[in-house]
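Report on the structure
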Amino acid sequence: AQLSPTQILKQAFLLDTVHDIHDFSYELLLQIDPTLAERYLKARGYLEPKRHGPDLREIQHIRQMLHTSDLPVPRHQTRKWVEQYPADPLVQSLYAECLSWSGHHRSAILTIQEAISKAPDELVLRQTYIDIMNRAGMWWEAIDLARALHVRYPERQDVQAQWWSTLTEQARPDAQEVNEAL
């Protein structure tokens with residue numbers, strides 16, 4: 001007897017969640033839909049998304065410069081990358097950060113939203129969005145976004161730290177909510 005696609009999907013789910021068996025789960029998903037199987041591997045972190053942009057170390061270096069130095073150097077490099085790699089969501093994210101640090105919050109928000117629409121599963125983009133909302137003084141939005149990330153990734157220390165800092169950055173943090181977060 002052959003299993004239906006729904007039964008195969010359930011089997012893959014059980015192997016993944018109960019038994020932590022990823023390779024066979026992938027093989028089962030491959031029988032249903034190769035695209036689904038590839039998305040599974042990406043979600044599990046086995047595949048590096050294909051990028052057409054600057055090296056990730058360069059992006060991280062510019063991101064660090066934003067937080068520690070004057071804006072002209074990172075802004076200049078980021079503008080150059082935006083022209084070279086207009087479809088790269090990480091470049092757009094970095095550009096949104098530059099805009100935000102320069103006080104152009106509306107443009108920063110639109111830019112980071114566009115980046116997220118291109119790579120909705122990229123955690124760093126959502127974290128950048130929260131930082132931009134905080135910088136723009138939109139604490140209520142930042143709290144909602146940070147809460148959603150914290151619910152989805154409760155064990156990630158970077159997500160926890162951002163959740164706590166977002167709660168404390170609002171004008172008058174709710175003491176009960178801060179205590180619950182700690």
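How each quantity is defined
Residues numbered from 1 in each chain as written. Predicted model: local features only at pLDDT ≥ 70, side-chain atom pairs only at ≥ 80, totals over all residues. Heavy atoms only, no water. Phe/Tyr/Trp six-rings, centres within 6.5 Å; stacked < 30°, edge-to-face > 60°. Lys NZ or Arg CZ within 6 Å of the ring centre and 35° of its normal. Helix = DSSP H or I, 4+ residues; strand = E, 2+ residues; numbered from the N terminus. Expected span 1.5 Å × (residues − 1). Buried < 20%, exposed > 50% of the residue type's maximum accessible area, 1.4 Å probe, protein only. Arc of directions from axis to C-beta. Core = buried A, V, L, I, M, F, W, Y, C linked by side-chain atoms within 4.5 Å. Contact = heavy atoms within 4.5 Å. Salt bridge = Lys/Arg side-chain N within 4 Å of Asp/Glu carboxyl O.

**Brief notes about the packing of aromatic side chains**
All told, the structure shown has zero aromatic pairs when counted by the stated rule. The positively charged end of R135 is found above the aromatic ring belonging to W101, 4.1 Å away from the centroid.

**Digging into helix α10 (residues 157–169)**
Note that an α-helix has 3.6 residues per turn; residues three or four places apart therefore point the same way. Counted at 1.5 Å a residue, the expected span for α10 with its 13 residues is 18 Å, and the 18 Å between its end C-alpha atoms agrees. Every buried residue of α10 is listed here: V159, Q160, Q162, W163, T166 and L167. Each buried residue of α10 lies within a common arc of 165° when the element is viewed along its axis, so the set occupies one face.

**Brief notes about unusual backbone geometry**
The phi torsion of most residues other than glycine is negative, and most of the peptide bonds are trans. Within the chain, D20 stands out as a residue other than glycine whose phi angle is a positive 60°. Relative to the elements of secondary structure, D20 occurs in the loop between α1 (5–17) and α2 (22–32). Look at D20 and you get exposed, because its relative accessible area is 53%.

**Regarding the nonpolar core**
Core analysis: the biggest nonpolar cluster contains 30 residues, and W81, L94, I112, L125, Y129 and I132 have the highest contact counts within it. Among the secondary structure elements, those contributing two or more residues to this core are α4 (56–68), α6 (89–101), α7 (105–118), α8 (123–135), α9 (139–152) and α10. If we skip the residues at most four places from it in the chain, L125 touches P89, L90, S93, I112, A115, I116 and A119. Grouped together as the second largest cluster of nonpolar side chains are eight residues, I8, A12, A37 and L41 included.

**Things to note about α1**
Relative to the 18 Å expected for 13 residues at 1.5 Å per residue, α1 spans 18 Å between its end C-alpha atoms, a close match to the ideal helical length. Those residues of α1 that fall on the buried side of the exposure criterion are I8, A12, L15 and D16. One side of α1 holds all its buried residues, which, seen down the axis, span an arc of 95°. α1 presents K10 and F13 as exposed residues on the side facing more than 90 degrees away from its buried surface. In this fold, the buried residues of α1 make contact with α2 and α3 (34–43).

**Regarding the pattern of salt bridges**
Scanning the entire structure with this criterion turns up seven salt bridges. Across the pair D55 and R57 runs a salt bridge whose closest N-O atoms are separated by 3.0 Å. Looking at R57, the relative accessible area reads 66%, which means it is exposed. As a salt-bridge pair, R147 and D144 come within 3.2 Å of each other at their nearest N and O atoms. Of the two residues, R147 and D144 both sit in helix α9, three residues apart, roughly one turn of that helix. A relative accessible area of 31% means that R147 is categorised as partly exposed.

Function cannot be read off these values alone, since they describe shape.
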